[in-house]
Amino acid sequence: MQVSVETTSGLERRLTVGVPAEKLDSAVKARLADAQKNLRVNGFRPGKVPMIEVKRRFGRAVRDEVLGEVMRESFIEAVGKENIEPAGMPDFQPTVNEPGKDLEFVATFEVYPEIELAAFGAVEVEKPATEITDADVDKMIEQLREQRATFEVAERAAASGDRVNINYAGTVDGEAFEGGSADGQQLVLGSGQMIPGFEDGIVGLSAGEQKTIDVTFPEDYQAEELKGKAAQFAITVNKVEAKQLPEIDDDFMALFGVKEGGMDAFRVEVRKNMERELKNALRNKVKEQVMSGLVDAHTFDVPGALVRGEIQRMRQQMVQQFGGGQQFDASMLPEELFREQAERSVRLGLIVRQILEKHELKADADKVRAQVEEIASQYEQPEEVVNWVYSNPQQLQQIEGAVLEEQVVELVLGQAKVSEKAMSYEEAVARQQ
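Everything quoted here is computed from the prediction, not taken from an experiment.

### Here we look at the overall build of the protein
Moving on, step 1. Helices and strands together make up the secondary structure of the protein, namely 11 helices and 11 strands.
Moving on, step 2. Scaling as 2.2 N^0.38, a compact globule of 433 residues should have a C-alpha radius of gyration of about 22 Å, whereas the protein reaches 33 Å, well beyond that.
Moving on, step 3. Considering only C-alpha atoms, the protein reaches an extent of 95 × 60 × 45 Å along its principal axes.
Moving on, step 4. The burial tally for the protein puts 34% of its 433 residues in the buried class.

This is the structure:
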């Protein structure tokens, strides 16, 4: 097999491969012989159809099928021989493809970039410094009560925090618009579910009362035709309900697994869960800064094939997130919507890959075990969860990947410029937008 390689541009390579005619022709001959054994044609006994008839019917299709297989196999052998690592699948183009002649084809593909790692000292990390106070625990307990609140009918005017059942009909310039009306809508006043001014306009109304309010759609409203437009809503209040918070009694505490020990035990359990959440949040905030710093510290071309693959993955993820399922073709989402994030993701992946190779990092078994046990501790039967993870290669591989990322973060932090920033529990656990 003859092989030649040329660089066409950047990461793109053009591989020209010559394959002896015998390899392709003999494979075609064998495939046609197999087809002859099972072919049934009127006028011939099974397996006795002349080869000339088999070739007439299937010769071109069989050759094309074998050609594809031979090109793929030869390409894999060729890149191994030339010590080339392709990034993504190649585009094959046969240049000589005639029976009796040596096959020649061209494979065009991209390779992984050569990455020279920058000094980790260029990475700057602001580490949150946070402690959970008794006041934080008090606030969390109130949030837990809020999450399990119920509503009871109130024979009074609606106030912020109440839930109302309303009918409404909206108009812009006197005309109704799509999505501007509803009957029997449940709405918690002060929740910010509706556009500014809508919920405030209902405060003070009692069941059975009507009111027309004037509001303005925000400039960043999702419907283009409504952005910044003045509107009127005719509102009828059907029902007003007041929020009822549950008492912190034995039944309430049992919902969170605390069946004895009273309030003291409950506060310990709440604090323990808050500490777990805080630990994960701080770890993620530091990791995000480290990874972002690594990307900013490196400049190199990224393979388009990998970017396109990442864009497709992100498209599918968005479809699943919004419940599109099989009814929505993910390819209809424009590539440009994802390109910048996809390129950054691919760039980071290549940097981390290079760090792992250069520093010969492997997932630390003790750290993997610790992370598995930490995950399992959130379940009623933690030992069963641990055993399940270790008997499930795919799940274990995901955790090993997460541990490897943490080891990369630790490595970078050892040389990065790290400072501390005091912040509250709420600030620390808040998700970054």
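Anyway, onward from the coordinates.
### A closer look at the nonpolar core
Soluble globular proteins tend to pack their nonpolar side chains together in the buried interior.
Moving on, step 1. Counting 28 residues, the largest nonpolar core has V290, L294, I355 and V412 as its most contacted members.
Moving on, step 2. Looking at this core, the elements with two or more residues in it are helix 5 (262–296), helix 6 (304–321), helix 7 (339–358) and helix 10 (393–413).
Moving on, step 3. Beyond its immediate sequence surroundings of up to four residues, V412 is in contact with F120, V123, V290 and L294.
Moving on, step 4. One finds V3, L11, F92 and F105 within the second-largest nonpolar core, a separate group that totals 27 residues.

### Looking at helix 3 (residues 134–147)
Moving on, step 1. Taking 1.5 Å as the rise per residue, helix 3 with 14 residues should run 20 Å; its terminal C-alpha atoms sit 20 Å apart, in good agreement.
Moving on, step 2. Regarding helix 3, the residues found buried are D136, V137, M140, I141, L144 and R145.
Moving on, step 3. Packing partners of the buried residues in helix 3 comprise helix 4 (250–254), helix 5 and helix 11 (425–429).

### Structural notes on the sheet that holds strand 4 (residues 103–110)
Moving on, step 1. Ordered in space as 1-2-4-3, the 4 strands form an open sheet in which the pairing is antiparallel. The strands lining the two open edges of the sheet, one partner per strand, are strand 1 (2–9) and strand 3 (91–96). If you compare each strand with its neighbour and ignore which way they point, the axes differ by 20° on average.
Moving on, step 2. Of the strand pairs in this sheet, strand 2 (residues 12–19) and strand 4 are connected by 8 bridges, and their pairing is antiparallel. Bridge pairing in strand 4 links L15 to A107.

### Here we look at empty space enclosed by the protein
Moving on, step 1. For the structure on display, the rule yields 1 cavity of 30 Å³ or more.
Moving on, step 2. By volume, the largest cavity is sized at about 40 Å³.
Moving on, step 3. Contributing to the lining of the largest cavity are D136, K139, M140, Q143, M274, Y425 and E426.
Moving on, step 4. Mapped onto the lining of the largest cavity, the elements with two or more residues apiece are helix 3 and helix 11.
Moving on, step 5. Sorting elements by how many residues they give to the lining of the largest cavity places helix 3 first, with 4 residues.
Moving on, step 6. When the residues that make up the lining of the largest cavity are grouped by side-chain class, the tally is 3 nonpolar, 1 polar and 3 charged.

### A word on the layout of surface pockets
Moving on, step 1. Here the largest pocket is characterised by a volume of approximately 1,300 Å³.
Moving on, step 2. Looking at the largest pocket, it is lined by 36 residues, and the ones nearest its centre are K287, E288, Q341, L348 and E405.
Moving on, step 3. Listing elements by their share of the lining of the largest pocket, those giving two or more residues are helix 5, helix 6, helix 7, helix 10 and helix 11.
Moving on, step 4. Of the residues forming the lining of the largest pocket, the biggest block, 11 residues, is contributed by helix 5.

Cut-offs and rules
Residues numbered from 1 in each chain as written. Predicted model: local features only at pLDDT ≥ 70, side-chain atom pairs only at ≥ 80, totals over all residues. Heavy atoms only, no water. Helix = DSSP H or I, 4+ residues; strand = E, 2+ residues; numbered from the N terminus. Rg over C-alpha atoms; globule rule 2.2 N^0.38 Å. Buried < 20%, exposed > 50% of the residue type's maximum accessible area, 1.4 Å probe, protein only. Core = buried A, V, L, I, M, F, W, Y, C linked by side-chain atoms within 4.5 Å. Contact = heavy atoms within 4.5 Å. Expected span 1.5 Å × (residues − 1). Pairing = 2+ DSSP bridges. Axes fitted to C-alpha atoms, helices over the stretch in contact; angles between N-to-C directions. 1 Å grid on protein atoms, 1.4 Å probe; cavity = no way out; pocket = protein on both sides within 12 Å on 5 of 7 lines; lining within 4 Å. Points joined across faces, edges and corners; volume = space filled by probe spheres on them. Nonpolar A, V, L, I, M, F, W, Y, C, P; charged D, E, K, R; others polar.

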